[in-house]
Amino acid sequence: MTEFPATPDHRTGPIARATPVRSTYRLQLRPDTLTFADARTIAEYLQQLGVSHLYLSPIMTAMPGSPHGYDVTDPTTVSAALGGPGGLKALADEVRSRGMGLIVDLVPNHVGVGDPRQNPWWWDVLRNGKKSQFAHCFDIDWSPNNGAGGRLALPVLQSENDPAALTVDRSGPEPMLALHDLRFPIAPGTDGENALRIHDKQHYRLVSWKAGICTYRRYFAVSSLAALRQEDPAVFELTHRELAAWCEHDLVDGVRVDHPDGLAYPAAYLARLRRLIGPHRLLLVEKVLASREPLDATLPIDGTTGYDALGELSGVLVDPSGEPTLTALSRQYCGHGSNGAWFGNNEHRIKRAVAERLLVPEVRRLVAAIKRDAAIGGFDAAATSDLALTNATVEVLSFMPVCRTDYAPLAGMAGSIVAKVGKRNRELTVPLSVLVTALSAGGEAAVRFHQVCGAVNAKAVEDTMFYQAARLVSLQELGGNPSRFGHSLLEFHLANTERANRWPATMTTLSTHDTKRGEDVRARIGVLSQFAETWAKAVAAWNEITPPPDGATALFLLQNMFGIWPADGRPAATVPGLRERLHLFAEKAVREAGTQSSWEEPDSDFEARLHRWVDAVIDGPVGAELDALVAKLSQHAWSDALAQKLLQLCGPGIPDIYQGCELWEDSLVDPDNRRPVDFGHRLAMLQSLTGTPELDSSGAAKMWVVAYALWLRRERPDCFVGGTYTPLFATGDGADHLVAYARGRAGGTPQVIVATTRHSARLADIGWGDTVLDLPEGTWTDRLTGNSFSGRARLEKLFTRLPVALLVR
């Protein structure tokens, strides 16, 4: 356990204890741009902004130069590259002295093994096999029929000729097998002159990544991330020693758990984790809930990391009137409407493809466990062929609508899915009986079934279907349901009411390191729902002017281009880095979609034509027309961006601000959303704000809204976490264009009113007219403008300066 050094404090008196978590600010720590020391230098700025807690990305030792920290290589040490335990202690002391605190991101499911030399546990397992002192930490199949002759299969070979490239590296203190840049240990007593013969004597076997052989459980299909066995108490204790030390020294106020669905027994793990951190620290899980999937209230957690809220906050601003036109546009260019019917008809097919291509090792191991557990249950599984059992298992996995069904609210779902599959496929009756017998045993097969189920769901939906659909890509987000075209006001309010009552301390978010698009990009793309006809005509014209290599790909990419296109009058070709970012995104998008190219088999010809098209759009007449369209719609985009931000910041739950998102941000999917942030610019802007800013490309209006909302949460915390939530409705012709609610202390009257504009395009033509909002008793002052209101407020006056208002009694 780390002994944290005492840190000299430049202030006099005792260090103040942290306040309860009111808001968080996510920092993506990186050795090259944002260490613990760097975080200390921006703590004062974040305090001035109103943030109560810094929410740190993983801080354990990771792969050298890791830009994200999720490839942990030593879960027992704080990253020296970030500043080590001393740096963490100094950061904790710094924020404590400011009445703030730390939330840490914990990665219990996997560690990085892409470069074996960097992971001492993995290196030891490769060297010593089953006898390694760390063998029990990993979920490895050592059985003789594991496809690798009982050895640990490493899918690292890129071609059939790779084995010939094996050499022995004797340049260091121990001989190693060398394959290009990779190095592997040589077991004691197995060294020799011939690299291939040495390889044949090792506890591991290097295999082609195309062979479908991998004998350790991975994170999804990522072979460079090997799963840990947290169900083993010894592994839990070893991998959580640092967290225990942080809690003992009162360095952290909460934990975010990365990917708990990958664990063998997530509920049991969370119970043990809660006991470790104590009853009062915040405990959040990265849980992507499916449509209408409830969060398990029996778990000892405070909530999720906020993807469920994200979908509602963005969805309530989408205009349903644009659905028919955008569905028809998708049907024209994609061959389908990217709607509920398409998702329903294709989800099963794509999940099957994922299970049969990307997750072959995991499915093979699951089927073997099913046969073993069914035999224990008395079923003669040997009479059922592996092919039939695999088919039945994959079929059931492919119809599962959630990541795993072993959470309390989902009891009975697995049975209904098995019944559905049996009704569709009478020939699967016997193998389904084997599957049910095995799952009923509650052993290894049941565990692996849920782990594989989550991987199938994530890879098929989030990483494939969300890149194939192109009706309105802002809906294609983690936690979102693109088959539904937005959310109504009524369901938005009921969802918030549920959150306020059941999960008052859950996290809410609009942008994360995993979102497909940043919050302001989604807001701008969402505005296309209000200008569907304009967009459809523009796409048709642009495809004539600059023909793309594929219509579906173009429809998808054009929306994303529109989402990040500069709105400050600069031609896109002159914006530093924009061209390169769009090329990287386009390549990733088509490979994820898998229809024209793929990660496994990239189509270099198609991708070359795609890159030429991207350049032609940026440099040609289409780019000029994008300039004009973005300028025309920018006010509506900024209006929606401010609306969703204020709705998040003052709504039920604890709002998280992703680094840099207090100003307009233009991020696409990772790694684009992990770019360094200019905090100096943000500090200067915050300190320069003296009055209500204009709604323009500077982003000052967004920072104004963020700061005042966070300051209000600091001033009246009881109105928010644990406070009341009351929907408010306007009257008049523009009533549907208002999203408003009141917050107050439990048992008290409303103290805060949030009012925001939605569907602003029609308002630009007709105005608010006679639309009014009846305010609760008292005088209400808009913190954003200083204007005061009482009784019946006319919305045209309420929204004179900004399209949002933050009223305080």
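Just so you know, these numbers come straight off a predicted model, no measurement behind them. (Residues numbered from 1 in each chain as written. Predicted model: local features only at pLDDT ≥ 70, side-chain atom pairs only at ≥ 80, totals over all residues. Heavy atoms only, no water.)

## Details of the overall build of the chain
Thinking step 1. Of the regular secondary structure elements, the chain holds 26 helices and 24 strands.
Thinking step 2. Over its C-alpha atoms the chain spans a radius of gyration of 27 Å, differing by no more than 12% from the 28 Å that the globule rule assigns to 809 residues.
Thinking step 3. Taking the principal axes of the C-alpha coordinates as reference, the chain spans close to 85 × 70 × 55 Å.
Thinking step 4. By the burial criterion, 61% of the 809 residues in the chain qualify as buried.
Thinking step 5. Counting only contacts in the chain whose residues sit at least 6 apart along the sequence, the fraction spanning at least 24 positions is 74%.
Thinking step 6. For the chain, the distance from the average position of its 82 positive side-chain charges to the average position of its 93 negative side-chain charges is 3 Å. (Helix = DSSP H or I, 4+ residues; strand = E, 2+ residues; numbered from the N terminus. Rg over C-alpha atoms; globule rule 2.2 N^0.38 Å. Buried < 20%, exposed > 50% of the residue type's maximum accessible area, 1.4 Å probe, protein only. Contact = heavy atoms within 4.5 Å. Lys, Arg positive; Asp, Glu negative; His and termini not counted. Charge placed at Lys NZ, Arg CZ, Asp CG, Glu CD.)

## A few points about the nonpolar core
Thinking step 1. Residues Leu 27, Leu 49, Leu 56, Ile 59 and Trp 246 are the most contacted members of the largest nonpolar core, which totals 99 residues.
Thinking step 2. Here the element with the most residues in this core is helix H24 (residues 700–715); it accounts for ten residues.
Thinking step 3. The contact partners of Leu 27, leaving out residues within four places of it in the chain, are Leu 34, Ala 39, Ile 42, Leu 54, Tyr 55, Leu 56, Ser 57, Gln 659 and Phe 679.
Thinking step 4. If you look at the next biggest cluster of nonpolar residues, it comprises 55 residues, including Leu 528, Leu 610, Leu 629 and Ala 761. (Core = buried A, V, L, I, M, F, W, Y, C linked by side-chain atoms within 4.5 Å.)

## Points about helix H11 (residues 360–376)
Thinking step 1. Taking 1.5 Å per residue, 17 residues should reach 24 Å; H11 reaches 25 Å between its end C-alpha atoms and fits that length.
Thinking step 2. What H11 keeps buried is the set Pro 361, Glu 362, Val 363, Arg 365, Leu 366, Val 367, Ala 369, Ile 370, Asp 373 and Ala 374.
Thinking step 3. As for H11, its buried residues are in contact with strand E12 (218–219), helix H10 (340–357), helix H12 (386–399), helix H14 (429–440) and helix H15 (444–468).
Thinking step 4. Remark: Gly 378 follows H11 within two positions and exhibits a positive phi of approximately 95°. (Expected span 1.5 Å × (residues − 1).)

## Focus on the sheet that holds strand E13 (residues 222–227)
Thinking step 1. The sheet built from three strands is open, its strands ordered E6-E13-E12 with antiparallel pairing. Two strands close off the open sheet at either side, each with one partner strand: strand E6 (110–112) and E12.
Thinking step 2. Strand direction decides the pairing type here: E12 and E13, joined by two bridges, are antiparallel. Along E13, the bridge assignment pairs Tyr 219 with Val 222. (Pairing = 2+ DSSP bridges.)

## So, the sheet that holds strand E20 (residues 738–744)
Thinking step 1. Strand order in the open sheet formed by six strands is E19-E20-E21-E24-E22-E23, and the pairing between neighbours is antiparallel. Whereas interior strands pair on both sides, the edge strands pair on one side only; in this sheet they are strand E19 (724–728) and strand E23 (788–794). Adjacent strand axes in the sheet meet at a mean angle of 25°, parallel and antiparallel pairs treated alike.
Thinking step 2. Pairing of E19 with E20 involves five bridges; the strand directions are antiparallel. When the sheet's bridge partners are listed, Thr 724 is paired in E20 with Gly 744.
Thinking step 3. The strands touched by helix H16 (residues 489–502) are E19 and E20; relative to E19, the strand with the most contacts, the crossing angle is about 170°.
Thinking step 4. Contacts from helix H22 (residues 621–650) reach E20, strand E21 (750–757) and strand E24 (804–808) within the one sheet, and its direction differs from that of E21 by about 155°. (Axes fitted to C-alpha atoms, helices over the stretch in contact; angles between N-to-C directions.)

## Structural notes on the UniProt feature "domain: Glycosyl hydrolase family 13 catalytic" (unreviewed entry) in the chain
Thinking step 1. Listed under "domain: Glycosyl hydrolase family 13 catalytic" (unreviewed entry) in the UniProt record, and renumbered for this structure, are residues 32–417.
Thinking step 2. For the annotated span residues 32–417, helix accounts for 38% and strand for 16% of the residues, and the straight-line distance between the end C-alpha atoms is 48 Å. (UniProt positions renumbered as here; feature names shortened; annotations may be inferred.)

## Some remarks on the layout of surface pockets
Thinking step 1. Considered as a void within the structure, the second largest pocket measures approximately 910 Å³ in volume.
Thinking step 2. Lining of the second largest pocket is provided by 38 residues; of these, Trp 664, Glu 665, Asp 666, Arg 675 and Arg 682 occupy positions nearest its centre. (1 Å grid on protein atoms, 1.4 Å probe; cavity = no way out; pocket = protein on both sides within 12 Å on 5 of 7 lines; lining within 4 Å. Points joined across faces, edges and corners; volume = space filled by probe spheres on them.)

## Overview of the pattern of salt bridges
Thinking step 1. The final tally for this structure, using the stated rule, is 60 salt bridges.
Thinking step 2. In this structure, Asp 258 engages Arg 256 in a salt bridge whose closest nitrogen and oxygen atoms are separated by 3.0 Å.
Thinking step 3. With its nearest N and O atoms 3.0 Å apart, the salt bridge here joins Asp 319 to Arg 762. With Asp 319 in the loop between helix H8 (307–315) and helix H9 (323–334) and Arg 762 in helix H25 (residues 760–766), the pair connects residues that are 443 residues apart, well separated along the chain.
Thinking step 4. On the basis of relative accessibility, which here comes to 4%, the residue Asp 319 falls in the buried class.
Thinking step 5. A cluster of three or more residues bridged by salt bridges with shared partners is formed by Asp 139, Arg 217, Arg 365, Arg 372, Glu 444 and Arg 448. (Salt bridge = Lys/Arg side-chain N within 4 Å of Asp/Glu carboxyl O.)

## Observations regarding the packing of aromatic side chains
Thinking step 1. In the structure shown here, the tally under the stated rule is 18 aromatic pairs.
Thinking step 2. With 5.0 Å between their ring centres and 70° between their planes, Trp 122 and Phe 138 make a pair best called edge-to-face. Of this pair, Trp 122 sits in helix H3 (residues 120–128) while Phe 138 sits in the loop between H3 and strand E7 (152–157), placing them 16 residues apart in sequence.
Thinking step 3. Given a relative accessible area of 1%, Trp 122 falls into the buried group.
Thinking step 4. Looking at Phe 138, the relative accessible area reads 2%, which means it is buried. (Phe/Tyr/Trp six-rings, centres within 6.5 Å; stacked < 30°, edge-to-face > 60°.)

## Considering unusual backbone geometry
Thinking step 1. Pro 671 follows Asp 670 through a cis peptide bond whose omega is 5°.
Thinking step 2. By secondary structure assignment, the location of Pro 671 is in the loop between strand E18 (654–658) and helix H23 (679–688).
Thinking step 3. Positive phi is not limited to glycine here, since His 180 has a value of about 55°.

## What to know about the pairing of E24
Thinking step 1. Burial of E24 is extensive: five of the five residues sit out of reach of the surface.
Thinking step 2. Where burial is concerned, the two faces of E24 agree: the one with Val 804, Leu 806 and Val 808 and the one with Ala 805 and Leu 807 are both buried.
Thinking step 3. Relative to E24, E21 is paired through five bridges, and the arrangement is antiparallel. Bridge pairing in E24 places Val 754 opposite Leu 806.
Thinking step 4. Pairing analysis gives two bridges linking strand E22 (residues 772–782) to E24, with the strands arranged antiparallel. Of the residues in E24, the one forming a bridge with Asp 782 is Leu 807.

## A short note on the side chain of Asp 296
Thinking step 1. Structurally, the position occupied by Asp 296 is in the loop between strand E15 (282–285) and strand E16 (303–304).
Thinking step 2. In this structure the side chain of Asp 296 is engaged in a polar contact, spanning 2.6 Å, whose partner is the side chain of Thr 298.
Thinking step 3. Those residues in contact with Asp 296 that lie beyond four places of it in its chain are Tyr 407, Ala 408, Pro 409 and Trp 503. (Polar contact = N/O pair within 3.5 Å; in protein donor to acceptor, adjacent residues only side chain to side chain.)

## A few points about the domain arrangement of the chain
Thinking step 1. When the domains of the chain are assigned, the result is domain 1 (24–109 + 229–305), domain 2 (116–227) and domain 3 (340–467).
Thinking step 2. Look at where the C-alpha atoms of domain 1 and domain 3 centre, and you get two points 33 Å apart.
Thinking step 3. Across the boundary between the two partners, domain 1 contributes 15 residues, which contact eleven residues of domain 3.
Thinking step 4. Summing both sides of the interface, domain 1 and domain 3 together bury roughly 1100 Å²; the carbon and sulfur share of this comes to 59%.
Thinking step 5. Taken as a group, Asp 261, Glu 293 and Asp 296 account for 35% of the area that domain 1 buries against domain 3, more than any other trio of residues on that side. (Domains from an automatic or database assignment. Buried area = accessible area lost by both parts, 1.4 Å probe.)

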